[in-house]
Amino acid sequence: MTIKNKTKNIGIFHYQVGHTDGVSLELEKWQRVFEEMGHTVHLCAGDLGSADGTLVEEMYHHIPAIEILNYNTFKELRDFDAEGYRAELERWISILERRFREFISEKKIDLIVPQNVWCVASNPAVGVALENVRREFDIPALAHNHDFFWERRDGVSLTCDAAIELAQKYLPPRGPKITHVVINSLAQKELLTRKGIVSTVVPNVFDFDASPWEKDDYNVDFRERIGLKENDILILQATRIVSRKGIELAIDFVKALNSPSRRAKLQAHSLYNGQKFTQDSRIVLVLAGYDGDDMSGRYIRRLKEKAQREGVDMIHIEDLVDYDRQTRHGKKIYSLWDTYVFADFVTYPSLWEGWGNQFLEALRARLPIVLFEYPVYQKDIESKGFKIVSLGADIQGVDQAGLVQVSPEVIERAADGAVVLLTDRQFRHKTVEHNFHVGQKHYSLDALRKYLDQLLTE
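Residues numbered from 1 in each chain as written. Predicted model: local features only at pLDDT ≥ 70, side-chain atom pairs only at ≥ 80, totals over all residues. Heavy atoms only, no water.

Now for the sheet that holds strand 10 (residues 313-316). Read from one edge of the open sheet, 6 strands run 10-9-8-14-15-16, paired in parallel fashion. A single partner strand is all that each edge strand has here, and the edge strands are strand 10 and strand 16 (389-390). Two elements, strand 8 (residues 233-237) and strand 9 (residues 283-287), share 5 bridges in a ladder whose sense is parallel. The partner of Ile233 across the bridge, within strand 9, is Ile283. (Pairing = 2+ DSSP bridges. Helix = DSSP H or I, 4+ residues; strand = E, 2+ residues; numbered from the N terminus.)

As enumerated under the stated definition, the model contains 24 aromatic pairs in all. Ring centres of Phe206 and Trp337 lie 5.8 Å apart, and the angle between their planes is 75°; on these two criteria the pair is classed as edge-to-face. Of this pair, Phe206 sits in the loop between strand 7 (199-201) and helix 7 (222-225) while Trp337 is found in helix 11 (residues 336-341), placing the two residues 131 residues apart along the sequence. Considered together, Phe206 and Trp337 belong to a single accessibility category, that of buried residues. The interplanar angle of 75° and the centroid separation of 5.4 Å between the aromatic rings of Phe208 and Phe436 together place this pair among those described as edge-to-face. Pair noted here: Phe208 is in the loop between strand 7 and helix 7 and Phe436 is in helix 15 (residues 425-442), with a separation of 228 residues, a long-range link. A single burial state applies to Phe208 and to Phe436, both of which are buried. Each residue in the set Phe206, Phe208, Trp213, Tyr323, Trp337, Tyr340 and Phe436 is aromatic and connected to the rest through ring pairs, giving one cluster. When the ring centre of Phe436 is taken as reference, the NZ or CZ atom of Arg366 above it lies at 3.7 Å. (Phe/Tyr/Trp six-rings, centres within 6.5 Å; stacked < 30°, edge-to-face > 60°. Buried < 20%, exposed > 50% of the residue type's maximum accessible area, 1.4 Å probe, protein only. Lys NZ or Arg CZ within 6 Å of the ring centre and 35° of its normal.)

With that settled, consider the sheet that holds strand 12 (residues 326-328). Reading across the sheet, the 3 strands line up as 11-13-12 and stay open at both edges, with mixed pairing between neighbours. Each edge of the open sheet is held by one strand with a lone partner, namely strand 11 (321-322) and strand 12. Bridge count for strand 12 against strand 13 (residues 331-335) is 3 bridges, and the pairing is antiparallel. By the bridge assignment for strand 13, Gln326 is matched with Ile333.

Here we come to helix 2 (residues 64-74). If you check which residues of helix 2 are buried, you get Ile66, Leu69, Asn70, Asn72, Thr73 and Phe74. In the core, the buried residues of helix 2 are packed alongside helix 3 (82-107), helix 4 (124-137) and helix 5 (161-170). (Contact = heavy atoms within 4.5 Å.)

Its 16 residues give helix 14 (residues 408-423) an end-to-end C-alpha distance of 23 Å, which sits within 8% of 22 Å, the value for a rise of 1.5 Å per residue. Among all positions of helix 14, only Val410, Ile411, Ala414, Ala415, Ala418, Val419, Leu421, Leu422 and Thr423 are buried. (Expected span 1.5 Å × (residues − 1).)

Counting residues in hydrophobic clusters, the biggest one holds 83 residues, and the most contacted among them are Leu234, Ile235, Phe253, Phe345 and Phe359. Among residues more than four places away in sequence, those in contact with Ile235 are Phe253, Val254, Leu257, Ile283, Val284, Leu285, Val286, Phe345 and Thr347. In terms of nonpolar packing, the next biggest core, distinct from the first, is built from 48 residues, Phe13, Tyr85, Cys160 and Ile178 among them. (Core = buried A, V, L, I, M, F, W, Y, C linked by side-chain atoms within 4.5 Å.)

Tallied over the entire structure, the rule returns 31 salt bridges. Across the pair Glu353 and Arg244 runs a salt bridge whose closest N-O atoms are separated by 3.4 Å. Placement of Glu353 in the loop between strand 14 (345-348) and helix 12 (357-364) and of Arg244 in the loop between strand 8 and helix 8 (247-257) is noted, with a sequence separation of 109 residues between them. As far as burial versus exposure is concerned, Glu353 and Arg244 are alike and both buried. In this structure, Asp416 engages Arg262 in a salt bridge whose closest nitrogen and oxygen atoms are separated by 2.8 Å. Of this pair, Asp416 sits in helix 14 while Arg262 sits in helix 9 (residues 260-268), and the two are 154 residues apart along the sequence. Linked by salt bridges that have partners in common, Arg32, Glu36, Asp207, Asp446 and Arg449 make up one network. (Salt bridge = Lys/Arg side-chain N within 4 Å of Asp/Glu carboxyl O.)

The next point concerns unusual backbone geometry. Each neighbour pair has its own omega, and for Leu171 with Pro172 the value is -10°, a cis peptide bond. Tracing the sequence through the fold places Pro172 in the loop between helix 5 and strand 6 (178-182). Despite not being glycine, Lys108 has its phi angle at roughly 55°, a positive value. Its place among the elements puts Lys108 in the loop between helix 3 and strand 4 (111-114). For Lys108, a relative accessible area of 61% gives the class exposed. With phi around 55°, His329 is a residue other than glycine that occupies positive phi space.

All right, on to the side chain of Lys29 then. Tracing the sequence through the fold places Lys29 in helix 1 (residues 22-36). Overall, the relative accessible area of 7% leaves Lys29 in the buried class. Here the side chain of Lys29 touches Val205 through a polar contact of 2.7 Å, landing on its backbone oxygen. Once residues within four sequence positions are removed from consideration, Lys29 is found in contact with Val205, Phe206, Asn357, Leu445 and Leu448. (Polar contact = N/O pair within 3.5 Å; in protein donor to acceptor, adjacent residues only side chain to side chain.)

Following this line, the structure appears as structure tokens:
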């Protein structure tokens, strides 16, 4: 694909924007960098959240009819026969094609940037409709592929000829005017093997040069609002609440950290921030992410049951956190970034990540991290030299509730490492500053600008 080095009207397409999921957060960085390069960016999404853009409600992946279509595409033909499935898919494609034509014409779009809609297919009709309209208008595309449908942890079974055709032709589509970007080298290799498509790796990034997140007049009451004292330890799990995030491992970690012997060590020293950990101090696992993508609610229930069973103090504050500060139903809502200001430690026990936004957020917040070494971390990130508390890289099995487990020895070592980082101020400072500067070197907005400039002028 060749795009002359001039300003463009760029259309970014995603199921939702302005939220705290990884794709929403990452596309906002792309939007910012595109605009700093002089381009005009228009968002098109099924849910705009806190962002400005064009709302196409039929794009949203949590419309009940779309969730049914998704299930019947990738799991089993439960609600249709093969002919009925094709008719339902084509009905939604037709609706979306009309909406996309209107958007592209109205905004005079001359470059489209599909965000995940050509790969994960949470709304299967979106990818087909967008490619059909792209061909009609003969517009180049720079596809940002975060997750592929074949990476779904619960497995995939294309259910009929129409579903197979959808996957073969549109997930993702090929064409001389389409350039594909992936976020890790494992996906790059798999895309080439499965589809013969050459792609460029562009890792996730963060703004390491902005002012640090700090306590201010707005967020000063955050700990009090969620019921924590200044000398309680806040362990932050900032991700969405979905099973591949491995949050049960964070519960195991907090249980070990809260053992009598480790509490005694915490009480014997002042914490890194000068607070005195006392007999009454709590160690609390705070889940700040939303569970809207776990429509059954089974995973969050299993986590709550495990926390109660293991005596772990865990709270879920989804209703108090959003992407931006705002007021909702008369109540003050904190930004996701406010949660990092008051955290003492970040858990990141994900079993699988396409890259890992919350990892970068923890680096940016200068917080220590306990992390399960998921495959992309091992392949693409570990070599940069970050200093983390490890939960290992091997799952030992699952418990009776279907929650994953790692070896107890790994959990115990992680908890010991955390005690040091919670009590040794100098060691903690050295660790988080090292991580911040490594992240700044490799994963900044300046790095993204170089990638995008090359892609737009190649």
